[in-house]
Amino acid sequence: MASSPITMMKMKLNDCSPPSTAAAARLLPLLGPHQIRFRSSLDPLHILSFPRTIIPRSAFSSSSVITAAMVSEASIKVIDGKKVAKDIRDEIKAEICRMKDSIGVVPGLAVILVGERKDSATYVRNKKKACEAAGIKSYEVCLPENSTEEEVLKYISDFNDDPMVHGILVQLPLPSHMDEQKILNAVCIEKDVDGFHPLNIGRLAMRGREPFFVPCTPKGCIELLHRYNVEIKGKKAVVIGRSNIVGMPAALLLQREDATVSIVHSRTKNPEEITRQADIIISAVGQPNMVRGSWIKPGAVIIDVGINPVEDTTNPRGYRLVGDVCYEEASKVASAITPVPGGVGPMTIAMLLSNTLLSAKRIHNFK
């Protein structure tokens, strides 16, 4: 059977053979809505091997920053999110021990799972393991697919009132018969460790206001830039994707860091011309290898949020994971880049633990 035109176009984007600019412009509008896909560091998919160079934070002096002058294929810095996430989890564990010893409080995270999606169940299981490893008390509610909104809202209300619970997370996606926004908005803003509450996003957008929590994945992106001493202030930054979960809050965070920010999305004309001006690129569109080497300014720093499975008959699983950015091409142009997997993914769950600890410290006025 002959492949459909769209299937053939997706296959073209899945390899790293560079299409012409004109061809890329014709392909992108036909690929459909962009979706963000990422996995936590504990996801079974992350057992796939990926070449990386570990650059510890100590390798940089306090005055060193990544600049365009540093770029060459030999000097490419691989931003190791797996190592950074481990460092953060160790820091969180130590702080939780200090809190427990000082005031006898252990942070608590409640997770509500509705339905029997295997990927969602895996995420919840991994979050529970990460909580236990860090010393955070995990509360878990698993409801059947046919549960009512009222049942979910009742559990949220109970967790809102429970002093032992400092963070509440509703695992997405919810079943189609439920109003996602209504349920997310029911989470008390002081316990919204996912950072999805409209008031949290609104505070993030306003100068002089501070959100209670920042969404975990974009927070992890900025933390990687900080830990690798990437200068943000005064730089041109491009965020590819405008989702409420990653794209928009990432752009707001970069703006708070005094970057000049542009957002590229599915309706943007000539996106490669915009990205070629960027010193920092954060890509979160869920389209494999969409960002080519020709889209990247020499010396730019790339944070690739996308984790996309593509067919690979040489792999025992029948697929491999790639990002939104064509790594082979980008690594010849950029000064630093996150691998996929092992880049942003591990940071998401680390930031969830960080937000839970922050909530507990704030609620109990612990410094």
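Refer to the structure presented above.
Residues numbered from 1 in each chain as written. Predicted model: local features only at pLDDT ≥ 70, side-chain atom pairs only at ≥ 80, totals over all residues. Heavy atoms only, no water.

Draft legend 1. Geometry of the packing of helix H8 (residues 216-227) against helix H9 (residues 247-256). Relative to each other, H8 and H9 sit at 40°, their axes nearing to 8 Å. The way H8 lies across H9 gives a crossing that is right-handed. On H9, the residues touching Pro218, Lys219, Ile222 and Leu225 of H8 are Pro249, Ala250, Leu253 and Leu254. Its residues placed into classes, the contact of H8 with H9 shows seven nonpolar, no polar and one charged. (Axes fitted to C-alpha atoms, helices over the stretch in contact; angles between N-to-C directions. Helix = DSSP H or I, 4+ residues; strand = E, 2+ residues; numbered from the N terminus. Left-handed = near helix turned anticlockwise from the far one by under 90°. Contact = heavy atoms within 4.5 Å. Nonpolar A, V, L, I, M, F, W, Y, C, P; charged D, E, K, R; others polar.)

Draft legend 2. Structural context of empty space enclosed by the protein. Tallied over the full model, the rule gives two cavities of 30 Å³ or more. Counted as a void, the largest cavity has a volume near 60 Å³. In terms of lining residues, the largest cavity is bounded by Ile168, Leu169, Val170, Leu184, Val187, Asp192, Asp194, Phe196 and His197. It is strand S4 (residues 167-170) that provides the largest number of residues to the lining of the largest cavity, a total of three residues. In terms of residue class, the lining of the largest cavity is made up of six nonpolar, one polar and two charged. Looking at the second largest cavity, its volume works out to about 40 Å³. Residues belonging to the lining of the second largest cavity are distributed by class as follows: seven nonpolar, four polar and one charged. (1 Å grid on protein atoms, 1.4 Å probe; cavity = no way out; pocket = protein on both sides within 12 Å on 5 of 7 lines; lining within 4 Å. Points joined across faces, edges and corners; volume = space filled by probe spheres on them.)

Draft legend 3. Just the pairing of strand S7 (residues 280-283), in detail. Here S7 shows no split at all, with Ile280 and Ile282 on one side and Ile281 and Ser283 on the other all buried. The pairing of strand S5 (residues 236-240) with S7 spans four bridges and is classified as parallel. Bridge pairing in S7 links valine 239 to isoleucine 282. Taken together, the four bridges between S7 and strand S8 (residues 301-304) define a ladder with parallel strand orientation. Across the sheet, residue serine 283 finds its bridge partner in S8, namely aspartate 304. (Buried < 20%, exposed > 50% of the residue type's maximum accessible area, 1.4 Å probe, protein only. Pairing = 2+ DSSP bridges.)

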